[in-house]
Structure formats: structure tokens, C-alpha cells
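Given next are the chains, with one letter for each unit.
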Amino acid sequence: MDKHYGRRQGRKRRIFGIAVGMSAVLAFFVLRIAWLQLMPASPASAQSGGMKREAVAQRERALVLDTGRGDFVDRSGLALTGDTYEALAVFPLQAGARGSEAELAKLAAALGMKREPLEKWMSGLTEPVFWRKSGEQEPHRLSTRELRQVDRLHIAGVRVLPYRSRYPSAFEPKHAIGYISQHPELLQAKFAEELSARKMKLTDRIGGAGLERSLDRLLRGTGATSVSYFTDGADKPLAGLDMRLVSPDNPYYPLKVVTTLDLPLQNAIERYVDASGLKQGAVVVLDARTGDIAAMVSRPRLDVFALGRPGTDLANRAVRAATPGSIFKLVTEAAALEAGRTAENEIFECRGEYGRYGLSCWKEGGHGRITLQDALAVSCNVAFATIAERLSAEQFAVTADKLGIGRKIGWSDPEPFAPLGAPLRLLPEEEAGTVFARMPDRRDGGQLAQTGIGQRDAALSPLQAANLIVTLLHNGRVTEPRLVSEIRYANGQRLAALPRQASPSRYGAIRPSTARALLRGMEAVVARGTGRSIRQGAWAVAGKSGTAETVRAGAARNNQWFAGYGPVQAPRYAVAVLAENRPPGSANKATALFRGVMDLAAAREADGAAQHPAAAR
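Residues numbered from 1 in each chain as written. Predicted model: local features only at pLDDT ≥ 70, side-chain atom pairs only at ≥ 80, totals over all residues. Heavy atoms only, no water.

**Q** An account of the nonpolar core is needed here, citing residue identities and associated values.
**A** One finds Leu215, Met296, Leu463, Leu472 and Ile487 to be the most contacted residues of the largest nonpolar core, which totals 94 residues. Examining the composition of this core, we find that seven residues originate from one element, helix H16 (residues 462-473), more than from any other. Every residue in contact with Met296, bar those within four places of it in the chain, is listed here: Ala176, Leu261, Gln266, Val283, Val284, Asn316, Ala318, Val319, Leu427 and Leu463. Formed by 25 residues, the second largest nonpolar core is a distinct cluster that contains Val283, Val541, Val577 and Leu593. (Core = buried A, V, L, I, M, F, W, Y, C linked by side-chain atoms within 4.5 Å. Buried < 20%, exposed > 50% of the residue type's maximum accessible area, 1.4 Å probe, protein only. Helix = DSSP H or I, 4+ residues; strand = E, 2+ residues; numbered from the N terminus. Contact = heavy atoms within 4.5 Å.)

Following this line, the structure appears as C-alpha cells:
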């Protein structure tokens, strides 16, 4: 019995020992795994690392395809912003994880480069990017040939994806639309709450000018569309996950802003002024029937990829005030007719010298005996200085205000614009211009005479000059030039309409008879005055030329102007042209440009009539 008992006890001790040993081994592995998970990773090699970081970690490499910002279209629905095309996206991966050198060589050949620099560029990536050719500002637009060759390849972390550029490649960005950029100061001023809530960052791009700025809050949308490429902790592709598209699920955004611009006309005018050598200046084309802005061109051009680069200009000169010269004589004549200080048939004597203030007529020897209408036609300084001295500063200022001069005239909503919850001015950079820098304390004949011919403190913008013509065509009723007609949701539903509206002066309007007298005078300008050179063209036109003396960098320069309308019998467009910083004594470039712009407008109307004959009738 003792013998059997001893054997049983021995077996129990052996089993216990085995159990203790197994427990010790298991405890060792548990502790080892815990140590590997919790202790810092060794940096010995690119492939080493803690279990916590490498065994189960995955990285989501996101690349933005579309910011989700709202877009602009012209009056016919043609895109002014937003251009989607195929581009090559490259995601960062570990060296050697992309594939064979042969495949990379084929990709390099398709892109027109050698394998080594392409592979070096790829290996240096820390974030996903779109590939750009040297010198390109935006991701390279893959050609049909390049797409066909790239599609045959199978390289990890390399994909052809749709990229949405803000600026279409078919034409230049427009000053009226504006640009987006990083602007921390403006962002802090406009989006303080969003910054505090961390919904925005100081590095975010916002509207910096034009409609991009005035409508920025509406254009921001609800988020970007991006694509994610998954890798493990060692930057190797994760089999089976590949890519995931992330996009806001909102049928109402991004918004679409419908402008009043006529894109074909706008682009044609831009090409024309560049071919004609306009270096500084602007062209504004308004629909004579509605006052809507059909085209707005400013030079130097806008470079949205290198803001402020020499030879370019951020400023929209179409809404910036400049010395007007003789086109201001329209205001002077209106003020004198309204005040009863002259009449169309009054006779003036011009011998070339005014006799006071060092003022003379541009024509040596003068114009002789001349009526007021002919004085406007030939732009006689003596006649207009004479009637200007008959007026008071108040009569000048009041008439200018009645005509929409000396105040901002672009479309605005002083009440909170419903979608924004705040007042809205479509062209935030617009300048009001001036008649007098300050109202004189006493009567100053020299100041009045110089103002009467558009010098001294007088300043107005090309937009105001074109709108002045529309005002006269509407018998003195001032309209607010409109650049946007409506804003629509992504599904086509209307969010807001921006109606045409008048901008009456607090002093009332000029008499229709005054407006008609000025229109007759502008017809005489082209028929027998300073605009005789532009009589021939597609349409019969009328208008007023002007040359203002200025100083730039200490040198005498001229602002050359022409503002008018056409065709005379049934006005379709009002146009103002400003050619700035011109050499004294040079031919009036604005007059020639006006004729060319009117011919382009006539051709555009003919094209429209041919495409839509029923509407033309």
C-alpha cells in the first residue's frame, strides 16, 4: 500500500512541476509582448519599430481633389471658375514598395523624364501630392497619350485622379471675380468665431478681392472632396484597402453664382486690348438697357499664382478712381444746364487762352466763335472753364451726385443680405471718386475752372463713367451696375436673386431735357469733333473723349479716356475705356480702343442673333 501511495505522490509532484514550468514560460511571453508593445522602438533601421507602431498601425494619406468652394458662371452658364481634369497623384511610400524599376522607367518615359529623378522625387515625399511639370503652377493636365500610357502601368501609390482647378486654363482669371489666397489678417477679422472653434486655420485660403471676397462666406461650402490611400506603419501599401473617397453628402453645396458677364465678349476684349498694347487701364461694358456689367477688363493682368509679381496687378482699375479730363465736361455741362447758367446754342469766343489761372485751350489759336454743343464736340477748354466759373461748388457736387459721380455706384444691399446676414457690396474695392477733395470755404474761380475741365480734384472710375452714359440714356435715372444676377444651390434651386435696382440721389434726378442735350453733344463728338476718327465701324456710335494731365514718378503723363454708347439709334451697350500713364502728346489710345470694343460687341450681338433668331426678333 505504501508502495502505491509513493508512486501517486511522485506523479503529482511531476505534474505540478510541469504546470509551474509552463506557467513560467507563458508569463515570460506575456511580459515580453508587453515590453515590446510599451517600451520605445529602436531606431536602428527603417523597418524596425515597436509592436504597437508597426504590427497593427495603418496610415491614411489624404489628398484633396476639390476644395468644395462654390463656382462662378457667366450669364449663359459658361464656367468662369472650376475646371476638372485628370492628373497624376503620388502617395508617399517606402523605398522599394512601389514596384519594379522597369515600371517606374515606363512611367518616367510617359511623363517625359528620366527614371532616376522621378524616383528620387517620389522617395522624398512626406505628403501625397499631384505631379507638376517644371514651371507649372498647377498639377499637370495629363494628355490623352499620357493617360493611355499611365493606365497600362501598375505602380503602388500612383493613381490618375480628377483634380479640380479653381482657374480654367482656357482663359485668364478676371479681376472682377478676384482671387483666393492666404490672408491671416483678413481671416481673423471675418472668421474669428470659426478660428476660435477650430473650424478654420490661419493657413486657410479665403477670398482676397472681387466677388471671391464679397461672397466668401457663401462660397466656402461644406467641406472638401479627398481621396485616402492606406499604408501600414512602415509606409507599405495595405493589401485590400487601397483608396477611399471622402466627400460631403450635401445636395445643396457647392453653390453656383450666376454673373452678368458675357464670357465670349469678355475674352474677346481681353485679347483685343492686349494685342493693341494697353499696358495700364481698363474697359467697362454695360448693357445699355439694364445697366448690368457685360464685361470688365483691367490691365496689367492678374496673376493668381504669383500675386504681386512684377508686370501684374492685384488692383481692378475698372473700379479705381482716376483723373477724368474732358469726359468730366459732361458733368460740367449738366450742372450749368440744370442751374440755367447756359444753353445749347450759347456762343462762346475761344482764342486759345483763357486769360486766367494759366489755363489755355488744347488747340493753339483757339476755336473761334463756337456753340456749347460744338464746344463739347471739340472739347473746348475755354468754353467749359467759362461756364464752370458761373457755378458754385455746391451746384457741381449736387449735379455730380445726381449722375452717380462722387459716390460708389456698384450693386449693393445696405440691409442685411439674407443669405449672408450682413450688408453686401459686390465690388468691395470700388472707389467713390471725388469732385472736390473738400468743399471750398469760399468761392475759388481757379478751382471751379480746373474742375470744369476734369482736372484738380476730379476723379471717377471707368465703371462710373460707363454708368454715367447709361444714366443719360435713361433720361437721368441712375442704376446700380450689377455683376451677379442670382445664386443657386448645387441642385439648381435658387438660393437668392439679386434684382436690378436704381441708385437715386438724395437731390433727385437731372431733367430729361438735360440728358438729351448731352446725348446730342456726344453724337456731335463723333460726327464732327474729337471722335471723327471712329465714325466708321459696325455701329454708329457717340461718346466723349478726354485727356487728363497727371504726374507719375515725377514725369508728366496722361490719362486718356473715351466713354460712349452704340448703336446710336437703338443703344445696346455703354462703354468706358481708360488708357493710363500715356506719354503727353500721344494719340488718344482710348478712343481707338472704344471703336474696337464696340465692333467686338456688334459682332457678339450678330452671333447671338444668328444662334437665337427668334429671340433676336
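**Q** Please provide a residue-by-residue account of the sheet that holds strand S21 (residues 573-582), values included.
**A** Strand order in this open sheet of five strands is S12-S11-S21-S20-S19, and the pairing throughout is antiparallel. Where the open sheet ends on each side, the last strands, each with one partner, are strand S12 (293-299) and strand S19 (542-552). On average, adjacent strands in this sheet sit at an angle of 10° to one another, irrespective of strand direction. Here S19 runs beside strand S20 (residues 555-566); their pairing, made up of eleven bridges, is antiparallel. Bridge pairing in S20 links Thr550 to Arg557. Here helix H10 (residues 263-275) sits on the sheet in contact with strand S11 (281-287) and S12, set at roughly 30° to S12. Sheet strands in contact with H16 are S11, S12, S20 and S21, and its direction is about 30° off that of S11. (Pairing = 2+ DSSP bridges. Axes fitted to C-alpha atoms, helices over the stretch in contact; angles between N-to-C directions.)

**Q** Give me the pattern of salt bridges: which residues, what numbers.
**A** Proximity of charged atoms lets side chains of opposite charge pair with each other. Applying the stated criterion across every chain yields a total of 40 salt bridges. Across the pair Arg115 and Glu119 runs a salt bridge whose closest N-O atoms are separated by 2.4 Å. In this pair, Arg115 and Glu119 both sit in helix H4 (residues 115-123), four residues apart, roughly one turn of the helix. Ionic pairing is found between Asp599 and Arg595, a salt bridge with its closest N-O pair at 3.0 Å. Residue Asp599 and its partner Arg595 are both found in helix H18 (residues 589-611); the two are separated by four residues, about one turn of the helix. (Salt bridge = Lys/Arg side-chain N within 4 Å of Asp/Glu carboxyl O.)

**Q** With reference to specific residues and values, describe the packing of helix H11 (residues 329-338) against helix H17 (residues 512-528).
**A** Think of two packed helices as two axes; the pair is described by the angle between the axes and how far apart they sit. Two elements in contact, H11 and H17, have axes separated by 10 Å at closest approach and are oriented at 140°. Considering their axes alone, H11 and H17 lie oblique with respect to each other. Regarding H11 and H17, the two cross each other, and that crossing is right-handed. Residues Leu330, Glu333, Ala334, Leu337 and Glu338 of H11 lie in contact with H17, whose contacting residues are Thr514, Ala517, Leu518 and Met522. The residue inventory of the contact of H11 with H17, partitioned by class, reads six nonpolar, one polar and two charged. (Parallel < 35°, antiparallel > 145°, perpendicular 65-115°, else oblique. Left-handed = near helix turned anticlockwise from the far one by under 90°. Nonpolar A, V, L, I, M, F, W, Y, C, P; charged D, E, K, R; others polar.)

**Q** Would you mind going over the sheet that holds strand S17 (residues 484-488) in detail, with residue names and values included?
**A** With mixed pairing, four strands are arranged side by side in an open sheet as S2-S10-S17-S18. The open sheet has two free edges, formed respectively by strand S2 (71-73) and strand S18 (494-497), since each of these has just one partner strand. Across the sheet, the mean angle separating the axes of adjacent strands is 25° when strand polarity is ignored. Of the pairings in the sheet, the one linking S2 to strand S10 (residues 256-259) comprises three bridges and is parallel in character.

**Q** Can you tell me about the packing of aromatic side chains, naming the residues and giving the values?
**A** Summed over all chains, the structure comprises nine aromatic pairs. Look at Tyr167 and Phe305: their rings are 5.7 Å apart centre to centre, the planes differ by 85°, and that puts the pair in the edge-to-face class. Highlighted residues: Tyr167 in the loop between strand S5 (158-165) and strand S6 (180-182) and Phe305 in the loop between S12 and H11, separated in sequence by 138 residues. Residue class for Tyr167 comes out buried when judged on its relative accessible area of 10%. Look at Phe305 and you get partly exposed, because its relative accessible area is 36%. Relative to Phe436, the ring of Phe396 has its centre 6.2 Å away and its plane inclined at 80°; by these criteria the two rings are edge-to-face. Here the residue Phe396 occupies a position in helix H14 (residues 393-402), and Phe436 occupies one in the loop between strand S16 (422-425) and helix H15 (445-452), the gap between them amounting to 40 residues. Each member of the pair, Phe396 as well as Phe436, carries the same accessibility label: buried. Taken together, the ring pairs connect Tyr85, Phe130 and Tyr163 into an aromatic cluster. The positively charged end of Arg572 is found above the aromatic ring belonging to Tyr573, 4.6 Å away from the centroid. (Phe/Tyr/Trp six-rings, centres within 6.5 Å; stacked < 30°, edge-to-face > 60°. Lys NZ or Arg CZ within 6 Å of the ring centre and 35° of its normal.)

**Q** Requested: an account of helix H13 (residues 381-389), with residues and values cited.
**A** For H13, a buried count of eight out of nine residues is recorded, marking the element as mostly surrounded by other parts of the structure. Of all the residues in H13, the buried ones are Asn381, Val382, Ala383, Phe384, Ala385, Ile387, Ala388 and Glu389.

**Q** Run through H4, naming residues and quoting values.
**A** Taken as a whole, H4 has its buried residues at Arg115, Leu118 and Met122. Viewed end-on, H4 has its buried residues packed into an arc of 70°, placing them on one side of the element. (Arc of directions from axis to C-beta.)

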